[in-house]
Amino acid sequence: GENVEQHPSTLSVQEGDSAVIKCTYSDSASNYFPWYKQELGKRPQLIIDIRSNVGEKKDQRIAVTLNKTAKHFSLHITETQPEDSAVYFCAASTTDSWGKLQFGAGTQVVVTP
Amino acid sequence: DSGVTQTPKHLITATGQRVTLRCSPRSGDLSVYWYQQSLDQGLQFLIQYYNGEERAKGNILERFSAQQFPDLHSELNLSSLELGDSALYFCASNRDSGANVLTFGAGSRLTVL
């Protein structure tokens, strides 16, 4: 089955700096890669996703890149703000079930003012 | 409010007991997914139902079972509870047709003492 690895497990950044989280996946059939943000005690919320026919996608300060050949994808947050502090999860799934997500272990991001 | 409703929010019970967690999907969503989030296992897919039928199974224990009713709400039954079953249980839903994103509910926190 699919295995998703996520690095780093924790990331401390100064407000205004950029944050990058990287994930690798094992199943070449995976073609949907969402990123979720989870604040303490709350539900995971989708922040951005990318499909395998696209190499990069951007939404304001957030961008995701996908390298299908290398089987890795990354989340980039620019101009970080204290409210970006949360746990971020990458995930992967296939077209036979978009919602059957294999999650990475998560990255705790701390943005210090 | 994501539109996915889960009850109860919190549940404390003893080992050996049985509990039922309930989920109502977003209006129009036919698929319901159950995920377990624990400190040591992260976010893990348990099971998916689509329009009343089991569609996919993940790392769900035999002591756990689920069903989806004609009104599309779903229940996750956990029996012979063990300390290790303490976790946050999330329900999520989508239309599961095409690339529809997964929306999570607020979760049910289960504590087994």
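As a reminder, the structure under discussion sits directly above these lines.
Summarised in this report is the structure supplied together with it. Everything numeric here is computed off the predicted structure, so don't read it as measured data.

## Here's the deal with the sheet that holds strand 3 (residues 19-25) of chain A
All names here are of chain A. Across the sheet, which stays open at both edges, the five strands sit in the order 1-3-8-7-6 with antiparallel pairing between neighbours. Whereas interior strands pair on both sides, the edge strands pair on one side only; in this sheet they are strand 1 (4-7) and strand 6 (56-59). Here the average twist between neighbouring strands, direction ignored, is 15°. Examined bridge by bridge, strand 7 (residues 62-67) and strand 8 (residues 72-77) share six bridges and lie antiparallel to one another. Bridging across to strand 8, L66 finds its partner in F73.

## Regarding the interface of chain A and chain B
Listed per partner, the contact involves 17 residues of chain A and 22 residues of chain B. When chain A packs against chain B, close to 1600 Å² is buried across both sides, 58% of that on carbon and sulfur atoms. Linking chain A with chain B are zero salt bridges, by the criterion used here. Taken together, chain A and chain B are joined by six residue pairs in polar contact (both at pLDDT 80 or more). Counting only elements with at least two residues in the side of chain A that touches chain B, the list comes to strand 4 (32-38), strand 5 (45-51) and strand 10 (97-103) of chain A. Grouping the constituent residues of the side of chain A that touches chain B by class yields eight nonpolar, three polar and six charged.

## What to know about the sheet that holds strand 1 (residues 5-7) of chain B
Remark on secondary structure: sheet strands pair via backbone hydrogen bonds, oriented parallel or antiparallel. Residues and elements named next belong to chain B. An order of 1-3-8-7 is seen for the four strands of this open sheet, with the pairing classed as antiparallel. Looking at strand neighbours, the two that pair on one side only are strand 1 and strand 7 (64-68), the edges of this open sheet. This sheet shows a mean twist of 15° between the axes of neighbouring strands, independent of strand direction.

## What to know about the packing of aromatic side chains
Overall, the coordinates contain 14 aromatic pairs over all chains when judged by the stated rule. With a centroid separation of 4.7 Å and 45° between ring planes, the pair formed by Y25 of chain A and F33 of chain A is classed as tilted. Among the residues examined, Y25 of chain A registers a relative accessible area of 5% and is labelled buried. Owing to a relative accessible area of 0%, F33 of chain A belongs among the buried residues under this scheme. A ring pair is formed by F103 of chain A and Y35 of chain B, whose centres lie 5.6 Å apart and whose planes are at 85°; its orientation type is edge-to-face. With F103 of chain A in strand 10 and Y35 of chain B in strand 4 (residues 31-38), this residue pair bridges two chains.

## Overview of the pattern of salt bridges
Residues and elements named next belong to chain A. Per the counting criterion, the structure on display carries seven salt bridges over all chains. Here E39 ties to K37 by a salt bridge, and the two come within 3.8 Å at their closest N and O atoms. Residue classification places E39 among the partly exposed residues on the basis of a relative accessible area of 35%. Measuring nitrogen to oxygen at the nearest pair gives 2.9 Å for the salt bridge that ties R61 to D84. Of this pair, R61 sits in the loop between strand 6 and strand 7 while D84 is found in the loop between strand 8 and strand 9 (86-94), placing the two residues 23 residues apart along the sequence. Taking the relative accessible area as the measure of exposure, R61 reaches 22% and is therefore partly exposed. Ionic contacts of the salt-bridge type, sharing partners, join the residues D49, R51 and K57 into one network.

## Description of the state of the cysteines
Counted under the stated rule, the structure contains two disulfides over all chains. Each sulfur of the disulfide joining C23 of chain A and C90 of chain A lies 1.9 Å from the other. On the sign convention where negative means left-handed, the S-S torsion of about -100° between C23 of chain A and C90 of chain A marks this disulfide as left-handed. With C23 of chain A in strand 3 and C90 of chain A in strand 9, this pair connects stretches of sequence that are 67 residues apart. Classification of C23 of chain A as buried rests on a relative accessible area of 1%. Assessed through its relative accessible area of 0%, C90 of chain A is described here as buried. Residue C23 of chain B pairs covalently with C91 of chain B via a disulfide, S to S 1.8 Å.

Each value, and the rule that gives it
- Starting from 1, residues in each chain are numbered consecutively following that chain's sequence as written.
- Each chain takes a letter, starting from A, and each ligand takes a number, starting from 1, following the order in which they are written.
- Totals for whole chains, interfaces and linings use every residue, but because this is a predicted model, local features are given only for residues with pLDDT of at least 70 and side-chain atom pairs only at 80 or more, for both listing and counting.
- Values reported for side chains reflect all heavy atoms of the structure, with hydrogen atoms and water molecules removed beforehand.
- A pair of strands is labelled paired if DSSP reports no fewer than 2 bridges between them.
- Going along the chain from the N terminus, every DSSP run of H or I of four or more residues is numbered as a helix, and every run of E of two or more is numbered as a strand.
- As a rule, the C-alpha atoms of each element are fitted with a line to give its axis, helices using only the stretch in contact, and angles between N-to-C directions run from 0 to 180 degrees.
- Any two residues whose heavy atoms approach within 4.5 Å are treated as being in contact.
- The buried area of a pairing is the accessible area, by a 1.4 Å probe, that goes missing from both parts when the two are put together, added over both.
- Salt bridges are counted wherever a side-chain nitrogen of Lys or Arg sits within 4 Å of a carboxyl oxygen of Asp or Glu.
- Whenever a nitrogen or oxygen atom comes within 3.5 Å of another N or O atom, the pair is scored as a polar contact, on the condition that within protein one atom can donate a hydrogen and the other can accept it, and that pairs from neighbouring residues in sequence are kept only if both atoms are in side chains.
- When residues are grouped by polarity, Ala, Val, Leu, Ile, Met, Phe, Trp, Tyr, Cys and Pro land in nonpolar, Asp, Glu, Lys and Arg in charged, and all others, Gly among them, in polar.
- Ring geometry is summarised as follows: Phe, Tyr and Trp rings, the Trp one being its six-membered ring, pair when their centres sit within 6.5 Å, and such pairs are stacked at plane angles under 30 degrees, edge-to-face over 60 and tilted between the two.
- Accessible area is worked out with a 1.4 Å probe on protein chains only. A residue is then buried under 20% of its type maximum, exposed over 50%, and partly exposed in between.
- Pairs of cysteine sulfur atoms within 2.5 Å are what we label disulfides.

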